[in-house]
Amino acid sequence: MLSLTALSISVQLHRNLYLSRLISCALLSLSQELMVGGHGIAFVLSSSMNLTQADPSQYFGLFNISTNGSPSSHLLAIELDTVKNAEFKDIDKNHVGIDENSLQSVDSASASYYSDKEGKNISLRILSGDPLQVWIDYENTLLNVTLAPLRNLKPSKPLLSRTINLTAIFPDRKTFVGFSAATGSLVSYQYILGWSFSRSRVSLQSIDISKLPTVPRPTKRKISYLLIVLLVILALIVMAAVVGGYYLYRRKIYAEVKEPWEKEYHPFRYSYESLYKATRGFNKKGLLGKGFFGEVYKGTLPLVGDIAVEILLNDATQGMKQLVAEVVKIGSLQHKNLVPLLGYCRRKGELLLVSKYMEGGSIDQYLFNSDKPPLPWSQRLAILKDIASALCYLHTGASQVVLHRDIKASNVMLDENLQGFLGDFRMAMFDDHGATFTSVVGTIGYMAFELTSTGASTRTDVYAFGVFILEVTCGRRPFDPEMPIEKRHLVKWVCECWRKGSLVDAIDTRLRGKFIQEEVDMVLKLGLLCTNIYPEFRPSMDIVVQYINKHQTLPDISVDTPGIGDSTPYFPHFR
Ligand SMILES: *[C@@H]1O[C@H](CO)[C@@H](O)[C@H](O)[C@H]1NC(C)=O
Ligand SMILES: *[C@@H]1O[C@H](CO)[C@@H](O)[C@H](O)[C@H]1NC(C)=O
Ligand SMILES: *[C@@H]1O[C@H](CO)[C@@H](O)[C@H](O)[C@H]1NC(C)=O
Ligand SMILES: *[C@@H]1O[C@H](CO)[C@@H](O)[C@H](O)[C@H]1NC(C)=O
């Protein structure tokens, strides 16, 4: 229980008194939610400065039991009372009253203000904690008390308007002016944010609301600080969970296998994440093909452009080092007619090869699929020259001999200008190293018969190239079981036509006779020369390039030249 009274200004009473906008901030109760608190605050005129004998609580620090109601108190108070006190006939626990020498108000009203805008009274809660404005005007014995929320203009109608004879209360016409506030068993914080007092309307200073201090809200603050801290902690936990979850998710889907020895191959290594994004998560819409080794997806890498990503399933961890070295070696090869192998990536059980995407697809689609337009002869010859040049580079141009081991129509790619590119180096890479693939050394129909005995050499590549030449010129696969028996085996069939003196019969009918006879003759003979059953009779690739570019004429061969047109005895079902 406390009361605090501050009376400072001594006033010689005059006809008028103005207290403009005593900004009373509102009695802020300790327990905001219940809006209870005590007891209130009052604006006081008192003839005496000494109120030490007065009591707190309902006495407001202004009276005690014996002085209350006594005319000798010489005291006028305008109270903002937040307790309903039956003793003094209070109307409620949220009222404004005019006290003349007594706490039993001569006039009182529930806290409210007249809204000029809405034309009605709006009630206020003194204990809300929101600042209130109080105007106390005394003019010609009429005392007006007007309330309003902080930012409102002064209402046109006062809350209380009462005739008061100040001379009767203060006979010696002298008074002190100030405030008094009290708490009781109920406690509230009571603030005066600003006030202005004058004896004449003209000299009354106005109050700049923007410069008033803000209302301290201790209890609420503590709660909100705690709440903010809790919220921040919660937010951090949620964020950590999200980030952590995302990180784990990324780690799972972008997981790679990386070993220390790969450091030197760093420029050739692609992150799985970049490939995943480039192919939109290996979207089936981008699936280019599905083969024995794995799947090929189309993708787009920034700066690089369109790529083809081939996923090779490979569980062999042994030999991986040589395999990657092989990939990098082939990636370093540079020839205008080789499909650029850009790099690789490793995952558990997977090796991913990244190469440039070839717009035109593989040439076999043009040769054997009737839905694509047939390639004209000049185009075919140009592609044969391209591939001969690329293969020659592999055999002689690189720092060491590279065997392709799998030359065939489906491994010859075309760009948008239908230029030929030799692609698919899987055989070149895997033959010696990938344990999984050792049984596969090429494609049936393109394999020279000596492969199984003496193994791969530049001559076996030449053999396969010879088959490829015949394929491109004749527009059919090397072995076609649907054909009549004499036509099934392409090499034998071309030879047969030659024997009959009509090589033209072997030529792709889709060319509709539009070709240069002597070029076709030369190319077919070159094909037969390259597919000679005796490896030593096959020309090397640099010679093949000479022949096909007509820098050198073909040697004089005939159908009866040994080894020409013979089929491989190792694949009897081809006969
Ligand atoms: C009340 O206050 C007056 C002086 O203001 C003092 O003389 C008197 O003793 C007080 N009475 C009680 C009961 O405190
Ligand atoms: C007090 O209120 C009355 C009634 O609304 C009004 O006529 C009078 O002018 C007011 N006096 C002052 C000083 O505001
Ligand atoms: C508004 O309040 C005043 C003062 O309490 C009262 O005299 C008046 O009748 C009220 N007006 C309305 C519209 O309630
Ligand atoms: C005010 O009170 C004084 C002293 O009691 C008295 O002389 C005077 O006539 C009163 N004035 C009015 C207007 O009632």
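Residues numbered from 1 in each chain as written. Chains lettered and ligands numbered in written order. Predicted model: local features only at pLDDT ≥ 70, side-chain atom pairs only at ≥ 80, totals over all residues. Heavy atoms only, no water.

Trainee: Explain the overall build of the protein chain to me, using residue names and the numbers behind them.
Mentor: On a plain count of helices and strands, the protein chain comes out with 12 helices and 21 strands. Intrachain contacts of the protein chain at a sequence separation of at least 6 include 66% that bridge at least 24 residues. Split by element, the accessible area of the protein chain, about 28,500 Å² in all, is 55% carbon and sulfur. (Helix = DSSP H or I, 4+ residues; strand = E, 2+ residues; numbered from the N terminus. Contact = heavy atoms within 4.5 Å. Areas by Shrake-Rupley, 256 points an atom, 1.4 Å probe, with all protein chains shown as cover.)

Trainee: Let's hear about the site of ligand 2: which residues, and what values?
Mentor: Near ligand 2, the surroundings consist of Asp-137, Glu-139, Leu-142, Asn-144, Pro-158, Ser-161 and Arg-201. In this structure, Asn-144 approaches ligand 2 through a side-chain N or O atom, which is 2.3 Å from an oxygen atom. Burial of ligand 2 by the protein amounts to 55% of the accessible area it has alone, namely 360 Å². Looking at the shell around ligand 2, the elements with two or more residues in it are strand 9 (132–139) and strand 10 (142–149). Grouping the constituent residues of the shell around ligand 2 by class yields two nonpolar, two polar and three charged. (Near = heavy atom within 4 Å. Polar contact = N/O pair within 3.5 Å; in protein donor to acceptor, adjacent residues only side chain to side chain. Nonpolar A, V, L, I, M, F, W, Y, C, P; charged D, E, K, R; others polar.)

Trainee: Provide a residue-level description of the pattern of salt bridges, including the pertinent values.
Mentor: Side-chain pairs of opposite charge can arise where the charged atoms are in close proximity. For the structure shown, the criterion picks out 17 salt bridges. Of the charged contacts, one joins Glu-273 and Arg-250 as a salt bridge, the two residues approaching to 2.8 Å between their closest N and O atoms. One end of the pair, Glu-273, is in helix 3 (residues 272–278); the other, Arg-250, is in helix 2 (residues 218–253), and 23 residues separate them in sequence. The exposure class assigned to Glu-273 is buried, which follows from its relative accessible area of 19%. The exposure class assigned to Arg-250 is partly exposed, which follows from its relative accessible area of 25%. We note a salt bridge from Lys-298 to Asp-306, for which the minimum N-O separation is 3.9 Å. The class of Asp-306 is partly exposed, set by a relative accessible area of 25%. When salt bridges with common partners are traced through the structure, they connect Glu-256, Glu-259, Glu-262, Arg-269 and Arg-346 into a single cluster. (Salt bridge = Lys/Arg side-chain N within 4 Å of Asp/Glu carboxyl O. Buried < 20%, exposed > 50% of the residue type's maximum accessible area, 1.4 Å probe, protein only.)

Trainee: Got a sec to walk through the packing of helix 6 (residues 377–397) against helix 11 (residues 517–530)? Specific residues and values, please.
Mentor: The geometry of helix 6 relative to helix 11 is characterised by a closest axis approach of 12 Å and an angle of 35° between their N-to-C directions. Considering how the two elements wind past one another, helix 6 and helix 11 form a crossing that is left-handed. Side by side, helix 6 and helix 11 meet where Trp-377, Leu-381 and Leu-384 of the first sit next to Glu-519, Val-520 and Val-523 of the second. Of the residues belonging to the contact of helix 6 with helix 11, the class tally is five nonpolar, no polar and one charged. (Axes fitted to C-alpha atoms, helices over the stretch in contact; angles between N-to-C directions. Left-handed = near helix turned anticlockwise from the far one by under 90°.)

Trainee: Could you give an account of the pairing of strand 9, naming the residues involved and the relevant values?
Mentor: Burial of strand 9 is extensive: seven of the eight residues sit out of reach of the surface. Relative to strand 10, strand 9 runs antiparallel, the two sharing eight bridges. Each residue of the ladder has a partner; that of Asp-137, found in strand 10, is Asn-144. As consecutive antiparallel partners, strand 9 and strand 10 are separated by two residues, and within that stretch Asn-140 has a phi angle of approximately 50°, a positive value. (Pairing = 2+ DSSP bridges.)

Trainee: Can you break down the side chain of Arg-347 residue by residue, with the values?
Mentor: Relative to the helices and strands, Arg-347 resides in strand 17 (residues 341–347). A distance of 3.1 Å separates the side chain of Arg-347 from the backbone oxygen of Ile-253, its partner in a polar contact. Within the structure, Arg-347 has its side chain in polar contact with the backbone oxygen of Ala-255 (distance 2.7 Å).

Trainee: Now, about the sheet that holds strand 20 (residues 412–414): what can you tell me, with residues and values included?
Mentor: Across the sheet, three strands lie side by side as 19-20-21; this open sheet has antiparallel pairing. Looking along the sheet, the strands with just one partner apiece sit at the ends: strand 19 (361–362) and strand 21 (420–422). Relative to strand 21, strand 20 runs antiparallel, the two sharing three bridges. By the bridge assignment for strand 21, Leu-414 is matched with Gly-420. Across the face of the sheet, helix 6 comes into contact with strand 20 and strand 21 while running at roughly 30° to strand 21.

Trainee: With reference to specific residues and values, describe the packing of aromatic side chains.
Mentor: Applying the stated rule across the entire model yields 12 aromatic pairs. Centroid distance Tyr-276 to Phe-282: 6.2 Å. Interplanar angle 70°. Geometry classified as edge-to-face. For Tyr-276, a relative accessible area of 24% gives the class partly exposed. Positioned above the aromatic ring of Tyr-114, the side-chain terminus of Lys-157 is 4.4 Å from the ring centre. Note that Arg-347 overlies the ring of Tyr-272, its terminal NZ or CZ placed 3.7 Å from the centroid. (Phe/Tyr/Trp six-rings, centres within 6.5 Å; stacked < 30°, edge-to-face > 60°. Lys NZ or Arg CZ within 6 Å of the ring centre and 35° of its normal.)

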